[in-house]
Amino acid sequence: MPHAALSAMAASTSGSGTLPSIESAIDRVFEPITSALSSVIFFSVSIGGASFPLIVGWLVLAGLIFTVYFGFIQLRGFKLALETVRGKFSRNSDPGEVTHFQALTSAVSGTVGLGNIAGVAVAVTLGGPGATFWMIVAGLLGMCTKFAECTLGVKYREVHEDGTVTGGPFRYLSVAFSRIKISAIGTVLTAVFAVAIFFFGVAGGNMFQANQTFAQVRNVTGGAEGPLGSATAAFVFGIVLAVLVGLVILGGISSIGRVTSRLVPAMAIIYIVACLIVILGNAGQIPGAVQEIVTGAFQPEGVAGGVLGALIIGFQRAAFSNEAGVGSAAIAHSAVKTRRPVSEGFVALLEPFIDTVIICTMTALTIVIARPQSWLDARAEVAATGSNSADGVVLTSDAFADVISWFPIVLAIAVVLFAFSTLITWSYYSEKAWCHFFGRSRASVLAFRVIYCVFTVIGTVLTFGQVLNLADAMLFVCALVNIIGLYILAPVVKKELQEYLRDRRSGKLAEEAREPVA
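None of these values were measured; they are calculated from a predicted model. (Residues numbered from 1 in each chain as written. Predicted model: local features only at pLDDT ≥ 70, side-chain atom pairs only at ≥ 80, totals over all residues. Heavy atoms only, no water.)

### Digging into the packing of aromatic side chains
Under the definition given, this model contains 25 aromatic pairs. On the basis of an interplanar angle of 35° and a centroid distance of 5.3 Å, the ring pair of Phe66 and Tyr487 is categorised as tilted. Here Tyr487 lies in helix α22 (residues 465–506) and Phe66 lies in helix α3 (residues 54–69), a separation of 421 residues in the sequence. Looking at Phe66, the relative accessible area reads 1%, which means it is buried. Judged by its relative accessible area of 28%, Tyr487 falls in the partly exposed class. Taking 6.1 Å as the distance between ring centres and 85° as the angle between the ring planes, the aromatic pair formed by Trp134 and Phe315 counts as edge-to-face. Here the residue Trp134 occupies a position in helix α8 (residues 130–155), and Phe315 occupies one in helix α14 (residues 306–322), the gap between them amounting to 181 residues. Under the relative-accessibility criterion, Trp134 is labelled buried at 12%. Relative accessible area serves as the criterion here: at 11%, Phe315 is assigned to the buried category. Pairwise contacts between aromatic rings join Trp58, Phe66, Tyr69, Phe70, Phe147, Phe346, Tyr487 and Tyr500 into one cluster. Lying across the ring of Tyr69, Lys494 places its NZ or CZ 4.2 Å from the centre. (Phe/Tyr/Trp six-rings, centres within 6.5 Å; stacked < 30°, edge-to-face > 60°. Helix = DSSP H or I, 4+ residues; strand = E, 2+ residues; numbered from the N terminus. Buried < 20%, exposed > 50% of the residue type's maximum accessible area, 1.4 Å probe, protein only. Lys NZ or Arg CZ within 6 Å of the ring centre and 35° of its normal.)

Laid out in structure tokens, this is it:
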């Protein structure tokens, strides 16, 4: 995920550091709002000496409950998920805008971001290698939450006359609260969800990503003293980036799906291969690193709160990374071409697996195996003071540089690709929130897309710390609302699941896929 407590990194790797008076003025306006909302959303309690944000418990508990309720479907349905994403049970005539694979890559592009690189580095610094183990556990639980919310996103979607789709929590939250006879509350909470998604989309999903994209490009071209060190360069870069974003998002989710279906596999392969080169270049360290991760999960050293501290940090990074329970991914998945809602639930459960179990774990393994000096120093700082001042991007970059000196350039490319993919996916999420209030007319949609691109330029030039902090809080407002709806509608998901599995066993799914296109 590109967000969740990462705004501090934005300050340390700010795109330009220009116009501080504007930044300060805007931050002063948002500071009291941010403080008030964050104190509620990220309210923490001390458990065994470790600070535990209750919102993390809310997300992880949902994953655990759904895992039990749906009979560990993320494990027993994994093969079926792979078959479905390959289009085994699909037809071109199915209603929707994108294929299963395009829906998956669109949603993955919205979650895979700087959090998978910098956020994980911070997690294995504060929580030790053992945090990786708990991160994987939380990722596996999150698979089931994604299964539930994306099934509902398709189940209650609306396919418009022009073939476009509106789905996700915008649709199923009102249905959920109608089932328990409090429709008015459902209407209000859906509006709250829309506001929160829109605000995060513009700030965290857009401006922050633009800022980090420029920061990485500037860093590998000489930093503040290089050709991109000026405010003018930041502005020009922002315009170019906005044009690229605009070229993609003008085509809506179909265009986004086509781009992400190529971009996401490419960026994942680049990053994973880079990690594997570091890991295999230190092959002798692999057994010890794996042992350190497993034993560190239950006997961590130098971690505030001991085992609970490692568990909390691992759970927090996974929950903040894969967005399971937030409801955002259900918006993209609802556009899929299918007549079977639960089919997209199976596809969606692959998201946390890719985001957390694979990419986050690869980052953690790279750092633990390479053991760069900067990470060892940061771990010593944590043991001595209980806090960490190191930049997560630097820690990961140093792990790459320990093998090949120019490898940080590969990391910079990965960061830029991750950020750009997040930018275009969050444009779709926030566009749907915009349309919730202002309608789906062509003029309304075009106005939003122009505004979104303008904020891309602003984000490249300016860093708004308090705005980004507020965006983090707003995103998890979505989780508070969304998971309530999931609990209410869980029996609907279970019914869809049982019917789908029964039809698969009987061969009916295969027969449907062989029917001629209308």
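Now that the structure has been shown, we can carry on.
### Notes on the layout of surface pockets
Roughly 360 Å³ of internal volume is contained in the second largest pocket. If you go around the second largest pocket, you meet 18 residues; those closest to its centre are Asp162, Thr164, Glu431, Val445 and Arg449. Breaking the lining of the second largest pocket down by element, the ones donating at least two residues are α12 (252–281), α20 (407–438) and α21 (442–461). A class-by-class count of the residues in the lining of the second largest pocket yields 6 nonpolar, 5 polar and 7 charged. (1 Å grid on protein atoms, 1.4 Å probe; cavity = no way out; pocket = protein on both sides within 12 Å on 5 of 7 lines; lining within 4 Å. Points joined across faces, edges and corners; volume = space filled by probe spheres on them. Nonpolar A, V, L, I, M, F, W, Y, C, P; charged D, E, K, R; others polar.)

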